[in-house]
Each structure stands twice: as structure tokens, then as C-alpha cells.
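The chain contents come next:
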Amino acid sequence: MSTETETITETVPGAPAQAKHTRAILIVFAVGLCAVIAAVLVLLLRGGKSADDSALPECNANNIAQFAYDDVYRYYLGYAESTDTVIGIWRENDDGVREKLLEDNALRRFRLCGDQIVYLAVRDGNYELCLLPKAGGDNRILAVLPEKEDTTVTEFDLKGNTLYYIYDNILDRLEIDSGTVSTVALEAFSFTVTDRGVYYSAADGIYLAKTGADPVRISDAANAMGLAMQGKWLYFRSPEGIFRLKDGAADPAALVVPDGMATSFCVVGNTVYYIRAVSEGERAALAADMAASQGIPEADALEMLTNVGHLFRVNGAGGMPTSVGGRYVAAFAMCPGHIYYKSGVFSRVFYEYVED
């Protein structure tokens, strides 16, 4: 995104120089989903498009679900200008030409699925999963689910005419043509759809569900999050770190990032990028500095700094992680060509990440 900003009003203490060399992408802050988008931010790689970046769109959807890309456009959910008051889904090409595809203050998240955009809206006490052509046009509601306290539609994906979504930790499948809904799993925290079937995680491990057969547990990794397939490797995150599992093999999952402080991650080619969260003590100190400098309650500052940390990268097969730079980031997602980051949950903008 090529929108320029003169100032940064929402920054993390200890990094005041960030405003001098950042290019902002204006993205909406969804108040009702603070906890969800805390794990978010848009990270775009240096250099050309990867020859195999199949995991990247999945990782973006697992993390921020407010950014996507194809061969021509970057798509994002938010404001085009800082003075805007209506949320929109926009697309922008390499020349900076921007087009609004949809505007609606009920918008929360979206993902690009082939030629269609599936988006989540919160309206009149319901969650709406809707379909919009990626070039814009008539949108339609696919599913309406009642809003519940402490839950939401956490992940969704469209494959052909089948919509998959996790709502209240239940993974359902909607056949759009017939309107038929069936349950894939009564407990699911994350999922990814592949040619072999649907991989999903539960409290006691990761399962593979194939049409017409009972789900098979393929790993005992408990409470896995962020499932994403990169070639023949299934990547996921657990409290012990970030793992990968060979698709169709009997080998146990390999620990790629042995770091319990790893939060959001993205896989590009043979590289894993991830946020390593700061310690609770450092986060508290940052919150105190932010409260003092910006005049906000310290509790609010702590919430804004949920999952804040630093970016690291590591070989997809494992190895020694290296720092991407010293800036504080709160969340991320990716697109080949650039790195963007958000320094706090309540920030409405993403800034281009320039390595030290």
C-alpha cells in the first residue's frame, strides 16, 4: 500500500524513531475483536515472489485475516485515508491505484479464496459469513450465526462451492449450492483444507478428516493453532513452539522453533517468520512508558501490547533463529515483496518494516 503518513500517533515506547522511515497501510481496528487481532500484522517479504508460497495465504488468514494478495493486487480491510469513518475492503496495484470493493462498518475480517472474497461481518447480534467477487459487485450472505459471548468465527475458508468455518470451536462445512450444513469436527481450534482432506486440531491432537471416513489422529500435538500446509509439510504452533509434520508420513512432528514465546508465524518458501513475545516484565515496563507518554490507563496499554514482541526468522527445517530487527511488533501477516508491521492492537495502521 502506498499511502503516506506524516506522523505515527500510536507507537510502542522505546521505538520513537520508527516514524522516520515507515510507509503506512491504513487498516481498521475492530473493537469487538481485540483478542483475536492481537495476534496480527502484515509482513511482506523482501525480494521477488516465492516459487512456492502456498502456506502464506493460509498464515495471513490465520493471523490477521485483513490482508491478501494475488498477482496484480493487494487486498486489505480498513480505511483508505486517516480521515475515513467507514470501513472498506480495498484493492491496490503496484502503481498505487486503489479501488474500494465494499464498504460496511460491520466488516471484521476476510480472506481471498480464488476469485471470491469471503468476509465476516458482525451485525444485529449475528455473525455473517458473506461472499463477494474479488473484482467487486454483488455480495451475498452465506451463513448467519448468533453472536455469543467469548466466541466468534475464528477461521473460515472456501474451496469450490464448500465453505468451511470454525464457530464456537465446532468445524462445520456448508455446501453453498444446496445450503446443506454438516459437521466435520465437534471440537476444532484450527484447520486447513488440502487435497488429502481436512486437517484440524483438537485438545488431544491433530486429525485428518476424509470424506466418507472417520477422522484419523495423525499427531498427539495438543491444542495446535495456525495450521498451514507448505508443500508436503503441515506447520502449526503449540505452547512448546512451532512444529512441522510431513504430510502422509508416520514420522512425529519436528520442532522447528523451540520457543514457547513464539506467537503468530508465517511460512514463505523454506523460511518461517514469527513473533517472539517479550517477557511479562518487559511488557509491563512498555505499558507503563506508554501510559505516561500518552496519558492512557496502564491497563489499556497492557491490552494494546498483547503479544508484542520482535520478529525472527528461521529455516523451515529448523536451525538458529535470527532477528529481523529490533522494532516492537504486536502482530503480522505477509505478502512477497515487503514487510509491514503493527506496533499495538489499537493501531489503525500498518507500517513498512525496514530492517536495521
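Residues numbered from 1 in each chain as written. Predicted model: local features only at pLDDT ≥ 70, side-chain atom pairs only at ≥ 80, totals over all residues. Heavy atoms only, no water.

A. Spotlight on the overall build of the protein. Summing up its helical and strand segments, the protein has 4 helices and 27 strands in all. Going through the 356 residues of the protein one by one, you find that 54% of them count as buried. Taking all contacts inside the protein whose residues are at least 6 apart in sequence as the whole, residues at least 24 apart take part in 48%. Just so you have it, the protein exposes about 14900 Å², and 49% of that area is on carbon and sulfur atoms. (Helix = DSSP H or I, 4+ residues; strand = E, 2+ residues; numbered from the N terminus. Buried < 20%, exposed > 50% of the residue type's maximum accessible area, 1.4 Å probe, protein only. Contact = heavy atoms within 4.5 Å. Areas by Shrake-Rupley, 256 points an atom, 1.4 Å probe, with all protein chains shown as cover.)

B. Quick peek at the nonpolar core. Ranked by size, the top nonpolar core spans 34 residues in total, and within it Phe265, Val272, Tyr274 and Leu311 carry the most contacts. If you list the elements that add at least two residues to this core, you get helix H2 (55–63), strand S2 (67–69), strand S21 (254–257), strand S22 (262–268), strand S23 (271–277) and strand S24 (309–315). Within the second largest apolar cluster, 18 residues are counted, among which are Cys113, Leu129, Leu145 and Leu158. (Core = buried A, V, L, I, M, F, W, Y, C linked by side-chain atoms within 4.5 Å.)

C. View of the environment of Val272. As for its placement among the helices and strands, Val272 is situated in strand S23. Classification of Val272 by relative accessible area gives buried; the value is 0%. For the pair Val272 and Arg313, spaced 41 residues apart in sequence, the C-alpha to C-alpha distance is 5.5 Å. Excluding its chain neighbours within four sequence positions, the residues that come into contact with Val272 are Tyr235, Ile242, Val256, Phe265, Cys266, Val267, Phe312, Arg313, Val314 and Gly316.

D. A look at the sheet that holds strand S14 (residues 191–194). Pairing in this open sheet of 4 strands is antiparallel, and the strands run S14-S15-S16-S17 from one edge to the other. Bordering the open sheet on either side are S14 and strand S17 (216–219), each of which pairs with just one other strand. The mean angle between the axes of side-by-side strands here comes to 30°, regardless of whether they run parallel or antiparallel. Across 3 bridges, the pairing between strand S16 (residues 205–209) and S17 is antiparallel. When the bridges of S17 are listed, Leu208 appears paired with Val216. (Pairing = 2+ DSSP bridges. Axes fitted to C-alpha atoms, helices over the stretch in contact; angles between N-to-C directions.)

E. Representation of the side chain of Thr194 within the structure. Mapped onto the elements, Thr194 comes out in strand S14. Look at Thr194 and you get buried, because its relative accessible area is 19%.

F. Highlighting the packing of aromatic side chains. Under the criterion given, the structure shown has 7 aromatic pairs. Seen from their ring centres, Tyr127 and Tyr167 are 6.0 Å apart, and the 65° between their planes marks the pair as edge-to-face. Placement of the pair is Tyr127 in strand S8 (residues 126–133) and Tyr167 in strand S11 (residues 162–167), with a sequence separation of 40 residues. The same class applies to Tyr127 as to Tyr167, namely buried. Ring plane angle 5° and centroid distance 5.4 Å describe the contact between Phe236 and Phe243, whose orientation is recorded as stacked. Given a relative accessible area of 0%, Phe236 falls into the buried group. For Phe243, a relative accessible area of 15% corresponds to the buried category. The aromatic ring of Phe312 is capped on one face by Arg276, whose charged end is 4.0 Å from the ring centroid. Directly above the aromatic system of Tyr353 lies the positively charged group of Arg327, at a separation of 5.4 Å from the ring centroid. (Phe/Tyr/Trp six-rings, centres within 6.5 Å; stacked < 30°, edge-to-face > 60°. Lys NZ or Arg CZ within 6 Å of the ring centre and 35° of its normal.)

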